[in-house]
Amino acid sequence: MTDHLPRASELGTLRGDLPFPVAARKALGDAQLRRNLGHATATIRAKRAAVVAELPDWEALRDAGSAIKADVLARLPELLDQLEREVVARGGLVHWARDADEANRIVVDLVRAVGARDGVPVEQVVKVKSMATQEIELNGALADAGIAALETDLAELIVQLSNDKPSHILVPAIHRNRSEIREIFLEHMPSVDPELTDEPRVLAMAARAYLRRSFLSARVAISGANFAIAETGTLAVVESEGNGRMCLTLPQTLITVMGIEKLLPSWQDLEVFLQLLPRSSTGERMNPYTSMWTGVTPGDGPQEFHLVLLDNGRTATLADEAGRSALHCIRCSACLNVCPVYERVGGHAYGSVYPGPIGAVLTPQLAGMQGRGAGHGHAADDPVGTLPFASSLCGACFDACPVKIDIPTMLVHLRTQHVDGERARRRVPSAEQATMAATAWVMASTKRFTAAEAATKVGRLVSRGGTIRSLPPPLSAWTSARDLPAPPTETFRQWWARTRGDGRGTP
Amino acid sequence: MRIALFATCLADALFPRAAQATVVLLERLGHEVVFPSGQTCCGQMHINTGYQREALPLVRHHVDVFEAALRSGADAIVAPSGSCVGSVRHQHADVARQQGDDRLAGRAEEVSQRTYELSELLVDVLGVTDVGARYPHRVTYHPTCHSLRILRVQDKPLQLLRAVAGIDLIELPEADSCCGFGGTFALKNADTSIAMLADKLQHVAQTGAEVLTAGDSSCLMHLGGGLSRLRAGTRTVHLAEILAGVGWEKAR
């Protein structure tokens, strides 16, 4: 239904190289990663639980957040037009980008224009932590144009210095501990004190000294946005460190790249989201820095402001009735922190800048599941197609989501889309398709089911001492670490017939 | 009350004790249990693996069988499983609708409104927490994800367990984290599933319990499969068997 709508640009930021189960196996074998992630997610889970529990109206806030986002999506074209008018009326400029390539081109051209105007090319820009610019791989596009992008969020800086990839929406370096961070700083941070310790304060001070030089000299800053208020054209960024505030206030030119779903109709709506977001993300009652700006204020802050509105697959997501509420997401990452899968495998296994439960939904929605294969060119090998299956459907994500995205139901919806796509594509059914069709055929009839049940008794032949320890593929995936009990000598319905009589229970 | 048993395909074929104990327990409480023998499977595995089209005939079959049971006088339907009841309640009508059968969706909704997980039936419908059982063992309880977060049974199973005479009920650390079963997830993502299981079993070991109980045979199959492989010295017993009490087999 949504095939005619543009998907995200084909970049490496949403589509990994390996199917999830393969990438997960590698991650699960990394003991240091397991320890780092287990510690970090447990800490943040406890903090979130405590600050959520102290609000008596938390559930009402979630309802309000969800309702406001549903309203935004229902009126998106109108609200986007309003936002553009208000931003322009207050001295800003608005650009529309269909996909990542277009957004990157717009930003690169804007940065180059600043260099041309000043007569001195811009060699470095400072960046506020932003998922949208990660999604479009803006840093790579800037680098190709000879412009270095300096990440100023501490965790993002750690990832950038070590030439790594982010593994969490909020804490991109969550897979690292402080001892590893110290090593990264010593190896990659120019003029760092060689006596650096791994105390958090010492590490933060080192980053501060390194970044401050750039804040003072940067001519262009690039940010994302947590919220945009259509009513006034105001943009908002919430953060913990204050480095974002430096970027948003010191340079002469500010370029903001924002997904089109980040809108809120009015100022009043911020009241809801400024309670939901910090409690859900960092587990704080209020984040330390909330920066808001409206167009350009003469003599104060950036004198040139550009807003780049990014689609990159969002309209296609909006067109999918069962999947559109994924656009409610405010990138808090609460679902990552409570997810038993994410906690064990970490973010890199998802192969997308959006990992975890919401990533397993958003990534297929934005990028599609029938794209580049894992080196074979087969749509069936598209790693994105494995993401909706990377969940035990335990439901912890839905409970934690501040805007009530029913992630488990959407995962099942995407699984159905994937299976339907495969069914249409293959001429000869896969082993799984054949098995599913056969079991459904058996189970749709009482007679066939009863006969099949009786046949499971052959399982007793491969059991020893009432236990099956080994089975052929695909069930070997079960018996690799788990026994199975031998089938019983008598099924329940046989017991019922024997003890209660046939006629009694049959309607 | 006349109660129709939805045994679930897994209990019927592989774990009949869970369904038998449900019958014995309800009969002891003075209720009439009927077993609509046409029943097969609710289709949850197919639905959750993405095979909605294949699941549709299963949904239709389930609705046919239990609609007939209600028509012929059953007051309620009970299953010894949180996830199968979860599928009936939260997926059946939706599957029918997605596959373009609105009439089936309406019928599925009527069946689902009368379908209860065992602890829901006992506490909410029958209004009983002390079922008169004795079970002199150290037990720990794992709340399965679908009973907890889809059905919201809350602490009903624990209310029932606390009232069992002689039981030494020990709280399971990090009880509400998933055991890693997840249906075909346990096969498709076996490594991650096993990692989740390993952590769960570590918490079980901390309790020193000889019996691990839950309201779902599927999760117990996973947990029990791990405990058996490790020769851990803890066995799995379905909640219904504990509530039926020691020696329930004799009442069969």
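All figures in this text were calculated on a predicted structure; none of them were measured in a lab. (Residues numbered from 1 in each chain as written. Chains lettered and ligands numbered in written order. Predicted model: local features only at pLDDT ≥ 70, side-chain atom pairs only at ≥ 80, totals over all residues. Heavy atoms only, no water.)

1. Section: the overall build of chain B
Thought 1: Looking only at helices and strands, one finds 14 helices and eight strands in chain B.
Thought 2: The C-alpha radius of gyration of chain B comes to 18 Å, within 12% of the 18 Å expected for a compact globule of 252 residues.
Thought 3: Across its three principal axes, chain B shows a C-alpha extent of roughly 50 × 45 × 30 Å.
Thought 4: The burial tally for chain B puts 62% of its 252 residues in the buried class.
Thought 5: Considering only contacts in chain B between residues 6 or more positions apart, those separated by 24 or more positions represent 80%.
Thought 6: Carbon and sulfur atoms provide 48% of the accessible area of chain B, an area that totals close to 8600 Å². (Helix = DSSP H or I, 4+ residues; strand = E, 2+ residues; numbered from the N terminus. Rg over C-alpha atoms; globule rule 2.2 N^0.38 Å. Buried < 20%, exposed > 50% of the residue type's maximum accessible area, 1.4 Å probe, protein only. Contact = heavy atoms within 4.5 Å. Areas by Shrake-Rupley, 256 points an atom, 1.4 Å probe, with all protein chains shown as cover.)

2. Here's the deal with the sheet that holds strand 7 (residues 211-214) of chain B
Residue and element names in this part refer to chain B.
Thought 1: Spatial strand order, 6-5-7-8: four strands in an open sheet with parallel pairing. Each having just a single partner strand, strand 6 (168-170) and strand 8 (235-238) make up the two edges of the open sheet. Strand after strand, the sheet turns through a mean of 35° between neighbouring axes, direction not considered.
Thought 2: The sheet contact formed by strand 7 and strand 8 spans four bridges and is parallel. Each residue of the ladder has a partner; that of Leu-212, found in strand 8, is Thr-236. (Pairing = 2+ DSSP bridges. Axes fitted to C-alpha atoms, helices over the stretch in contact; angles between N-to-C directions.)

3. Looking at the interface of chain A and chain B
Thought 1: Taken together, the 64 residues of chain A in the interface contact 70 residues of chain B.
Thought 2: Taken together, the two surfaces of chain A and chain B that pack against each other cover about 5900 Å², and 58% of this comes from carbon and sulfur.
Thought 3: Considering only the surface of chain A that becomes buried against chain B, Met-436, Arg-482 and Phe-492 of chain A emerge as the three largest contributors, covering 12% of it.
Thought 4: Applying the counting criterion to the chain A and chain B interface returns eight salt bridges.
Thought 5: A salt bridge links Glu-54 of chain B to Arg-423 of chain A; the nearest nitrogen and oxygen atoms lie 2.6 Å apart.
Thought 6: With seven residues, helix 19 (residues 431-443) of chain A is the largest single contributor of residues to the side of chain A that touches chain B.
Thought 7: Taken together, the residues of the side of chain A that touches chain B sort by class into 33 nonpolar, 15 polar and 16 charged. (Buried area = accessible area lost by both parts, 1.4 Å probe. Salt bridge = Lys/Arg side-chain N within 4 Å of Asp/Glu carboxyl O. Nonpolar A, V, L, I, M, F, W, Y, C, P; charged D, E, K, R; others polar.)

4. Section: a nonpolar patch on the surface
Thought 1: Together, Val-458, Leu-461 and Val-462 of chain A line one region of the surface with nonpolar side chains, adding up to about 330 Å² of accessible area.
Thought 2: Of note, Val-458 of chain A is situated in the loop between helix 20 (446-455) and strand 11 (467-468). (Patch = residues over 30% accessible without salt bridge, like charges linked within 9 Å, V, L, I, M, F, W, Y side chains within 5 Å.)

5. Here's the deal with helix 12 (residues 267-281) of chain A
All names here are of chain A.
Thought 1: Across its 15 residues, helix 12 extends 21 Å between first and last C-alpha, which sits within 8% of the 21 Å expected from 1.5 Å per residue.
Thought 2: Of all the bends in helix 12, the greatest, near 30°, is centred on Phe-273.
Thought 3: In terms of residue burial, helix 12 counts as a mostly covered element, since 11 of its 15 residues are buried.
Thought 4: Burial in helix 12 covers these residues: Asp-269, Leu-270, Val-272, Phe-273, Leu-274, Leu-276, Leu-277, Pro-278, Arg-279, Ser-280 and Ser-281.
Thought 5: One or two residues past the end of helix 12 sits Gly-283, with phi positive at roughly 75°. (Expected span 1.5 Å × (residues − 1). Bend = angle between axes of the 7 residues up to and from the residue.)

6. Some remarks on the sheet that holds strand 1 (residues 93-97) of chain A
Residue and element names in this part refer to chain A.
Thought 1: Here six strands make up an open sheet; going across it, the order is 1-10-7-4-2-3 and the pairing parallel. What marks the edges here is a single partner per strand, and that holds for strand 1 and strand 3 (148-151). Between one strand axis and the next, the sheet turns through 25° on average, direction left out of account.
Thought 2: Of the strands in this sheet, strand 1, strand 7 (253-259) and strand 10 (304-310) are in contact with helix 4 (residues 76-89), which crosses strand 1 at around 145°.

7. Section: the packing of aromatic side chains
Thought 1: Overall, the coordinates contain 10 aromatic pairs over all chains when judged by the stated rule.
Thought 2: Between Trp-478 of chain A and Phe-181 of chain B the ring centres are 6.0 Å apart and the planes differ by 80°, which places this aromatic pair in the edge-to-face class. Linking Trp-478 of chain A in helix 21 (residues 476-479) with Phe-181 of chain B in the loop between strand 6 and helix 11 (185-188), this pair reaches from one chain into another. Each member of the pair, Trp-478 of chain A together with Phe-181 of chain B, is buried.
Thought 3: Pairing Phe-492 of chain A with Phe-35 of chain B gives two aromatic rings, centres 5.0 Å apart and planes at 75°, and the pair type is edge-to-face. Taken together, the residues Phe-492 of chain A in helix 22 (residues 492-500) and Phe-35 of chain B in the loop between strand 2 (32-34) and helix 3 (44-48) connect one chain to another.
Thought 4: Among the residues examined, Phe-492 of chain A registers a relative accessible area of 0% and is labelled buried.
Thought 5: You can call Phe-35 of chain B buried: its relative accessible area is 1%.
Thought 6: Over the ring of Phe-273 of chain A we find Lys-69 of chain A, and its NZ or CZ is 5.6 Å from the ring centre.
Thought 7: Directly above the aromatic system of Trp-478 of chain A lies the positively charged group of Arg-482 of chain A, at a separation of 4.7 Å from the ring centroid. (Phe/Tyr/Trp six-rings, centres within 6.5 Å; stacked < 30°, edge-to-face > 60°. Lys NZ or Arg CZ within 6 Å of the ring centre and 35° of its normal.)

8. Regarding the confidence of the model for chain A
Thought 1: Taken residue by residue, chain A gives an average pLDDT of 94. The fraction at 70 or more is 96%.
Thought 2: Counting interchain partners and residues more than four positions distant, the pLDDT-below-50 stretch residues 373-377 of chain A has seven contacts. (pLDDT = per-residue confidence, 0-100.)

9. Comments concerning the pattern of salt bridges
Residue and element names in this part refer to chain A.
Thought 1: In the structure shown here, the tally under the stated rule is 48 salt bridges over all chains.
Thought 2: The shortest N-O distance in the salt bridge between Arg-285 and Glu-54 comes to 2.5 Å. With a gap of 231 residues between them, Arg-285 in the loop between helix 12 and strand 9 (289-294) and Glu-54 in the loop between helix 2 (31-53) and helix 3 (58-74) connect regions that are remote in the sequence.
Thought 3: Its relative accessible area of 53% is what places Arg-285 among the exposed residues.
Thought 4: Residue class for Glu-54 comes out partly exposed when judged on its relative accessible area of 35%.

10. Things to note about the pairing of strand 2 (residues 124-127) of chain A
Residue and element names in this part refer to chain A.
Thought 1: By the bridge criterion, four bridges tie strand 2 to strand 3 in an arrangement that is parallel. Pairing of Gln-124 across the sheet is with Ala-148, part of strand 3.
Thought 2: Pairing between strand 2 and strand 4 (residues 220-223): two bridges, direction parallel. Paired with Val-126 across the two strands is Ala-221, which belongs to strand 4.

11. Examining helix 13 (residues 217-229) of chain B
Residue and element names in this part refer to chain B.
Thought 1: If you check helix 13, its first and last C-alpha atoms are 18 Å apart, about what 13 residues at 1.5 Å a residue would give, namely 18 Å.
Thought 2: Taken together, the buried positions of helix 13 are occupied by Ser-217, Ser-218, Cys-219, Leu-220, Met-221, His-222, Leu-223, Gly-224, Gly-225, Gly-226 and Leu-227.
Thought 3: The positive-phi residue at the C-terminal boundary of helix 13 is Arg-231, with phi of around 50°.

12. A few points about the packing of helix 8 (residues 154-161) of chain A against helix 9 (residues 178-188) of chain A
Two quantities define a packed helix pair, namely the angle between the helix axes and the distance between the axes.
Residues and elements named next belong to chain A.
Thought 1: In the contact formed by helix 8 and helix 9, the axes pass within 10 Å of each other and the chain directions differ by 60°. Viewed along their axes, helix 8 and helix 9 adopt a mutual orientation that is oblique. Seen along the crossing, helix 8 lies across helix 9 with a hand that is left-handed. Together, Leu-154, Ile-158 and Leu-161 of helix 8 and Ile-181, Ile-184, Phe-185 and His-188 of helix 9 make up the contact between the two elements.
Thought 2: Looking at the contact of helix 8 with helix 9 residue by residue, the classes come out as six nonpolar, one polar and no charged. (Parallel < 35°, antiparallel > 145°, perpendicular 65-115°, else oblique. Left-handed = near helix turned anticlockwise from the far one by under 90°.)

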